[in-house]
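# Reading the structure
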Amino acid sequence: MQIEDKVLAEQGLTLQTGAKSLIIACGALAREILALKEMNGWNHMDLTCLPAIYHVHPEKITDAVQNAVLKHKPNYERIFVAYADCGTGGLLQAKCDELGVEMIEGPHCYSFFEGNAAFAIKSEDEFTAFYLTDFLVRQFDAFIIKPMGLDRHPELRDMYFGNYEKLVYQAQIDDPALTEKAKDCAARLGLAFERRFTGYGDLETALAKV
């Protein structure tokens, strides 16, 4: 299936086949969830994704998730929310509890891709790391450069990133071209580069229980 990142970023995605369970996810996770569904034969799951651009507008996430849950709840036996806290300050967890649906544990996707337990340990010594996933590497300009105004004011780069030391690319798949693009992202931000192959981490673990 051909899925355009621009569509995932701005509109999201809905794939409904009449399955028993629904995954409500961030559009930035669409490719990974579809890959996991295919790899594991999870045909009991449908998928709907909210616009990935909410990544830079976390104040929109909780209401959008609530609206999606209320819209789809009558049609599914189970709904699972494939978001971590993602900058909502605990509001998303509280809303999911109120709605009676589960969500992924962890502060953000960087954590659950790494594995929440492993990330908690590493993050103690990585206050100066800036993280990118596969999706964010592909959408670097749309999600990092333009929202920060660096396309118009590149001189602001060191003000934003002067306290960072390295860019950590969390690779979900082995793609040499994507790794080269991630290296370029690090260079554009003036940061050292580190690649970590994480695979799907706790995302796969969480979805396996649905």
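Description of the structure in this document. Predicted model only: the values in this text are computed from it and were never measured.

The residue Leu 50 is located in strand S3 (residues 45–50) in this model. Residue Leu 50 is classed as buried on the basis of its relative accessible area, which comes to 11%. Spatially, the C-alpha atom of Leu 50 lies 8.5 Å from that of Ile 61, the residues being 11 residues apart in sequence. Apart from the residues lying within four places of it in its own chain, the contact partners of Leu 50 are Leu 8, Gly 12, Ile 24, Ala 25, Cys 26, Gly 27, Ala 64, Val 65, Ala 68 and Tyr 83.

To continue, consider the sheet that holds strand S6 (residues 129–132). Overall, parallel pairing links the 3 strands, which are arranged S6-S7-S8 in an open sheet. Single-partner strands in this sheet number two, and they are S6 and strand S8 (192–197). Here the strands of the sheet are splayed against their neighbours by 25° on average, with no regard to which way each runs. By the bridge criterion, 4 bridges tie S6 to strand S7 (residues 166–171) in an arrangement that is parallel. Among the inter-strand pairings, Phe 130 is bridged to a residue of S7, identified as Leu 167. Each of S6, S7 and S8 touches helix H10 (residues 176–189); the most contacted strand, S7, lies at about 160° to it.

Parameters and conventions
Residues numbered from 1 in each chain as written. Predicted model: local features only at pLDDT ≥ 70, side-chain atom pairs only at ≥ 80, totals over all residues. Heavy atoms only, no water. Helix = DSSP H or I, 4+ residues; strand = E, 2+ residues; numbered from the N terminus. Buried < 20%, exposed > 50% of the residue type's maximum accessible area, 1.4 Å probe, protein only. Contact = heavy atoms within 4.5 Å. Pairing = 2+ DSSP bridges. Axes fitted to C-alpha atoms, helices over the stretch in contact; angles between N-to-C directions.

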